[in-house]
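Examining the three-dimensional arrangement
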Amino acid sequence: MTTSSTKRRRALPAALLAMATAAGLTACGSSDKLPPAAGSSGSGDAFQQVVDGAPVAPDSAIPAGSLMAKIKSSGTMNVGGTDAAALFSLKDPVTGKVTGFDAGLTDMLAKYIIGRPSVNRVQVDVSTREALLQNGTVDAVLATYTITPARAKKIAFAGPYYSSGDAILVRASEQSITKVADLNGKSVCTESNSTAANDIKQFAPNAKVVLFQTNAECQQAVEQGRADAYVLDQALLLGDAARDKKVKVVGQPFTTEPYGIGLPLAAPEMKTFVNDWLKLIESNGDWAKLWKATIGTELSGDAPTPPAIGSVDGS
């Protein structure tokens with residue numbers, strides 16, 4: 001994740017501001033089955049129904065020589081992502097299936113190009129995403145990847161397709177931290193190579209920033225008392241809190257984080273293609289259905305309005 005200094009779009013829907021702790025949240029999917037267990041990234045059948053019903057691009061949309069044609073010919077799309085982000089992209093240890101909002105978009109995009117959701121998922125983190133796009137290891141990156149002008153000098157972004165914002169995760173028993181100003185004088189961790197560290201310095205200049213490589217390490221540092229708080233995208237922290245009742249998310253987002261789909265700069269036709277696809281699934285209702293089957297299982301209310309394509313610097 002990272003932050004965008006220009007707050008062009010709203011953060012997560014207002015329903016977040018009134019939400020209870022993750023233990024009290026209920027699923028909102030259309031399935032009449034029981035809601036998923038805490039930490040699930042999708043509502044089972046509802047998630048698969050969205051992918052199964054997703055559109056396939058006409059041949060005319062995939063010209064010869066394009067990156068899309070290469071992907072279609074290979075029969076598999078190589079996508080950088082993660083399998084440990086609840087609500088966005090989480091692997092079921094029993095079935096091996098990856099579900100969540102980003103995982104669903106990945107499957108749907110692969111289906112749009114190839115005709116079926118054939119995906120080779122390559123694990124990425126904040127330090128490897130640009131390199132894997134630049135060297136051709138992956139065709140795209142879908143991993144809560146915030147659009148910034150600096151990153152857009154190295155790779156291209158389609159979207160934004162979602163908007164989140166920095167928030168605060170603390171121990172469940174913590175009472176003294178409820179807003180960003182309360183982080184002053186506290187030990188606050190975040191992921192290295194994300195710009196949340198800069199956000200902390202900007203909004204809580206007297207906080208002590210501690211960097212860890214992964215989300216899991218940051219969460220554990222808070223649980224074990226080695227850090228007083230953890231700052232990252234609210235959407236990701238909600239997933240942590242849904243899986244682990246020892247922590248909770250407090251306060252409101254204090255930045256705006258527009259997520260984009262990372263693409264190679266050398267294939268500008270792919271950016272146009274993916275943006276057109278995003279507009280299609282937003283207009284035909286598939287985007288909202290996927291939200292309800294994933295993020296909407298932990299948040300009440302209707303799906304938010306997606307941010308306008310091309311609406312932030314770097315997109």
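A brief report on the enclosed structure follows. (Residues numbered from 1 in each chain as written. Predicted model: local features only at pLDDT ≥ 70, side-chain atom pairs only at ≥ 80, totals over all residues. Heavy atoms only, no water.)

Describing the overall build of the chain
On a plain count of helices and strands, the chain comes out with nine helices and 13 strands. The buried share of the chain, reckoned over its 315 residues, is 53%. Intrachain contacts of the chain at a sequence separation of at least 6 include 74% that bridge at least 24 residues. For the chain, the accessible area works out to roughly 12800 Å², and carbon and sulfur atoms hold 51% of it. (Helix = DSSP H or I, 4+ residues; strand = E, 2+ residues; numbered from the N terminus. Buried < 20%, exposed > 50% of the residue type's maximum accessible area, 1.4 Å probe, protein only. Contact = heavy atoms within 4.5 Å. Areas by Shrake-Rupley, 256 points an atom, 1.4 Å probe, with all protein chains shown as cover.)

A closer look at the state of the cysteines
Evaluation of the coordinates by the stated rule reveals zero disulfides. With no disulfide of its own, Cys189 lies closest to Cys218 among cysteine sulfurs, the gap being 4.2 Å. Overall, the relative accessible area of 0% leaves Cys218 in the buried class. (Disulfide = S-S within 2.5 Å.)

A short note on the sheet that holds strand 8 (residues 166–171)
Strand order in the open sheet formed by five strands is 10-9-11-8-12, and the pairing between neighbours is mixed. Taken across any chain shown, the strands that pair with only one partner, and hence form the sheet edges, are strand 10 (208–212) and strand 12 (247–250). The mean inter-strand angle of the sheet, taken between neighbouring strand axes irrespective of direction, is 35°. Relative to strand 10, strand 9 (residues 187–191) runs parallel, the two being bridged by five bridges. Residue Ser187 lies in a different strand from strand 10, and its bridge partner there is Lys208. (Pairing = 2+ DSSP bridges. Axes fitted to C-alpha atoms, helices over the stretch in contact; angles between N-to-C directions.)

A word on the sheet that holds strand 4 (residues 98–99)
Spatial ordering of the open sheet is given by 2-3-4, a layout of three strands whose pairing is antiparallel. With partners counted over all chains shown, the strands left at the sheet margins are strand 2 (84–85) and strand 4, one partner each.

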